[in-house]
Amino acid sequence: MNTKPDTKPDTTRGAHLRVDCTADADGRIVFDLPPTAADDAGSPQLLLRLRPKKGQPEKTVHLLDLEPAHDGRLLAVLERQPALAEGRWDVYLVPEPDAPRQRLRPGLRDLRALVDGHTRDRPSPVAVRVPYVTKDGYLAVRAWLRTAHAEVEGIEVTDRSMTVRARLHGASLAEGAAVLLRLRGGEGTARIVELRGGEGDGRAFSFVVDYAELVGDGATRNRIWDLSVRVSSGEGAAPVRIGRLLDDVADRKEVFVYPTAVIGDAVVRPYFTVDNDLSVEVK
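Residues numbered from 1 in each chain as written. Predicted model: local features only at pLDDT ≥ 70, side-chain atom pairs only at ≥ 80, totals over all residues. Heavy atoms only, no water.

## Quick look at the overall build of the protein
Phase 1: Assigned secondary structure in the protein consists of one helix and 21 strands.
Phase 2: Counting all 283 residues of the protein, 46% fall into the buried class.
Phase 3: As displayed, the protein offers around 14,300 Å² of accessible surface, 48% of which is attributable to carbon and sulfur atoms. (Helix = DSSP H or I, 4+ residues; strand = E, 2+ residues; numbered from the N terminus. Buried < 20%, exposed > 50% of the residue type's maximum accessible area, 1.4 Å probe, protein only. Areas by Shrake-Rupley, 256 points an atom, 1.4 Å probe, with all protein chains shown as cover.)

## Here's the deal with the confidence of the model for the protein
Should the pLDDT be low somewhere, the predicted coordinates at that spot are not to be read in detail.
Phase 1: Per-residue confidence for the protein averages 89 on the pLDDT scale, and 90% of its residues sit at or above 70.
Phase 2: With pLDDT under 50 throughout, residues 1-14 is counted as low confidence; its partners more than four residues away or in other chains account for 31 contacts. (pLDDT = per-residue confidence, 0-100. Contact = heavy atoms within 4.5 Å.)

## Points about the packing of aromatic side chains
When we look at a pair of aromatic rings, we describe it by the centre distance and by the angle of the planes.
Phase 1: What the rule picks out here adds up to three aromatic pairs.
Phase 2: Measuring from centroid to centroid gives 6.5 Å for F256 and F272, while their planes differ by 85 degrees, and the two rings are edge-to-face. A residue pair is termed long-range when its members are at least 10 positions apart, and F256 in the loop between β18 (240-243) and β19 (261-263) and F272 in strand β20 (residues 266-272) qualify at 16 residues.
Phase 3: A ring pair is formed by Y258 and F272, whose centres lie 6.2 Å apart and whose planes are at 55 degrees; its orientation type is tilted. One end of the pair, Y258, is in the loop between β18 and β19; the other, F272, is in strand β20, with 14 residues separating them in the sequence.
Phase 4: In this structure F272 comes out as buried when scored by relative accessible area, which is 2%.
Phase 5: Ring pairing ties together the aromatic residues F256, Y258 and F272, which thus form one cluster.
Phase 6: A cation over an aromatic ring shows up here: R105 above the ring of Y138, its NZ or CZ 4.0 Å from the ring centre.
Phase 7: Between the NZ or CZ atom of R252 and the centre of the ring of F272, over which it lies, the distance is 5.6 Å. (Phe/Tyr/Trp six-rings, centres within 6.5 Å; stacked < 30°, edge-to-face > 60°. Lys NZ or Arg CZ within 6 Å of the ring centre and 35° of its normal.)

## Observations concerning the sheet that holds strand β9 (residues 105-110)
Phase 1: The strand order across the open sheet built from five strands is β5-β6-β2-β1-β9, with neighbouring strands paired in mixed fashion. Of all the strands in the sheet, just β5 (67-68) and β9 have a single pairing partner and so form its edges.
Phase 2: The pairing of strand β2 (residues 29-33) with strand β6 (residues 74-78) spans five bridges and is antiparallel. Opposite V30, over in β6, you have V77 as the bridge partner. (Pairing = 2+ DSSP bridges.)

## Re the environment of Y138
Phase 1: Along the chain, the position of Y138 falls in the loop between β10 (126-133) and β11 (139-146).
Phase 2: Residue classification places Y138 among the buried residues on the basis of a relative accessible area of 10%.
Phase 3: Along the primary structure Y138 and R103 are separated by 35 residues, whereas in three dimensions their C-alpha atoms are 7.1 Å apart.

## Observations regarding the pairing of strand β17 (residues 223-230)
Phase 1: Where burial is concerned, most of β17 is hidden: six out of the eight residues are buried.
Phase 2: Two elements, strand β14 (residues 178-183) and β17, share six bridges in a ladder whose sense is antiparallel. When the sheet's bridge partners are listed, A178 is paired in β17 with R230.
Phase 3: For β17 and strand β21 (residues 278-282), the ladder comprises four bridges, and the chain directions are antiparallel.

## Considering the pattern of salt bridges
Phase 1: Under the definition given, this model contains 23 salt bridges.
Phase 2: R49 serves as the salt-bridge partner of D90, at 2.8 Å between the closest nitrogen and oxygen. Of the two residues, D90 sits in strand β7 (residues 87-94) while R49 sits in strand β3 (residues 45-50), which places them 41 residues apart along the sequence. Of the two residues, D90 and R49, neither departs from the other in class, the shared state being buried.
Phase 3: The salt bridge partner of R88 is D251, with a shortest N-O separation of 2.6 Å. Of this pair, R88 sits in strand β7 while D251 sits in the loop between β18 and β19, and the two are 163 residues apart along the sequence. (Salt bridge = Lys/Arg side-chain N within 4 Å of Asp/Glu carboxyl O.)

## Quick word on the pairing of β18
Phase 1: The alternating pattern of β18 places V240 and I242 on one face and R241 and G243 on the opposite face, and all of these are buried.
Phase 2: Alignment of β17 against β18, held across two bridges, turns out to be antiparallel. In the strand pairing of β18, S228 is matched with R241.

## A few points about unusual backbone geometry
Phase 1: Going from Q81 to P82, the amide bond is cis rather than trans, its omega being 0 degrees.
Phase 2: Looking at the element boundaries, P82 is found in the loop between β6 and β7.
Phase 3: Residue P125 is reached from S124 by a cis peptide bond, and omega for that bond is -5 degrees.
Phase 4: Take P125: it is sitting in the loop between β9 and β10.
Phase 5: A positive phi is found at D98, a non-glycine position, where the angle reads about 70 degrees.
Phase 6: With respect to the helices and strands, the residue D98 is situated in the loop between β7 and β8 (102-103).
Phase 7: Although it is not a glycine, N276 adopts a positive phi angle of roughly 70 degrees.
Phase 8: Mapping N276 onto the fold places it in the loop between β20 and β21.
Phase 9: Residue class for N276 comes out buried when judged on its relative accessible area of 0%.

Okay, here's the thing in C-alpha cells:
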C-alpha cells in the first residue's frame, strides 16, 4: 500500500477507455486493458485510490504494474494480499510516471466466482472485494476488511416480526452468545435476542426479532436499530456486525427491499445500510 500527495486526476482523456476485470473466489482480481491504453514509450500502471471522506484529502493509493499479454493487451493483477482497507477504491490508468491519472470506464466484469461466496467459510480477518460501476459510470472496487463477520443467509418477514438466518466467518459462537440490537445514537441502548440452535459447528445461527419490542415507547419518533452478534458473554469480545457481504452485490440498499409492517402508529422495516449491514428502521 502506497501513500502519495493528492494530485488532480484527468477524468477526460481516458473517458473512452474501458477495462475488463475478472474476480476469483479468493479475492484476486485481474484487470484487462486494450493495447491503446498506453504509449509505446510509457510504463503504464493501474492506480486504485481509496476514496476519501467528503472534505478530506486523499491519503491511500495502491499501484499495480500493467504487463503485456500474448495478444498485446495489458494486464494488471490485484493479489489477495495485502488486503485492501475497507472502503471504495476508484480505478485509474497512469500511462507513464508523473502523467495525469485517467479514470476508467468498466468493460466486462466477470464476477461469477463471487456469487456463492457465502457458502465458503472465511478466516479472520474477513477480506472482501467486489468490482462495481459507480453512479457516474466508472469502475471501482468495494472492499470490506473486518476481524469477523456474520453473513445473512436468509430473512423471512411477517407483519409482526422477522426471522434471520446467518453464519459467522472468522469467529465461532461460545457460551452466552446472543444478538444485540443497538439503538443508533441511543448512547448504548440495546436489546438482547436469544439465538436459536443451528448447525453443530458453532457458526450457524438464527433469531427472531419482535417488531413490537423495537417500537416500545418510541412510537412518536424515528429509530434505527443496528444488528450485531455477541459471540460469547466474556469481556473483551467485540460484537460482530450482521450483514451481507459475501457475493457479487456491492450495494444492496436499493436492491434488496423488504416489506414494511405497521405496529400501532409505527412503520417497521428491515434494510441493508450503505455498508451492506443489517438494520431495522422504525418510523
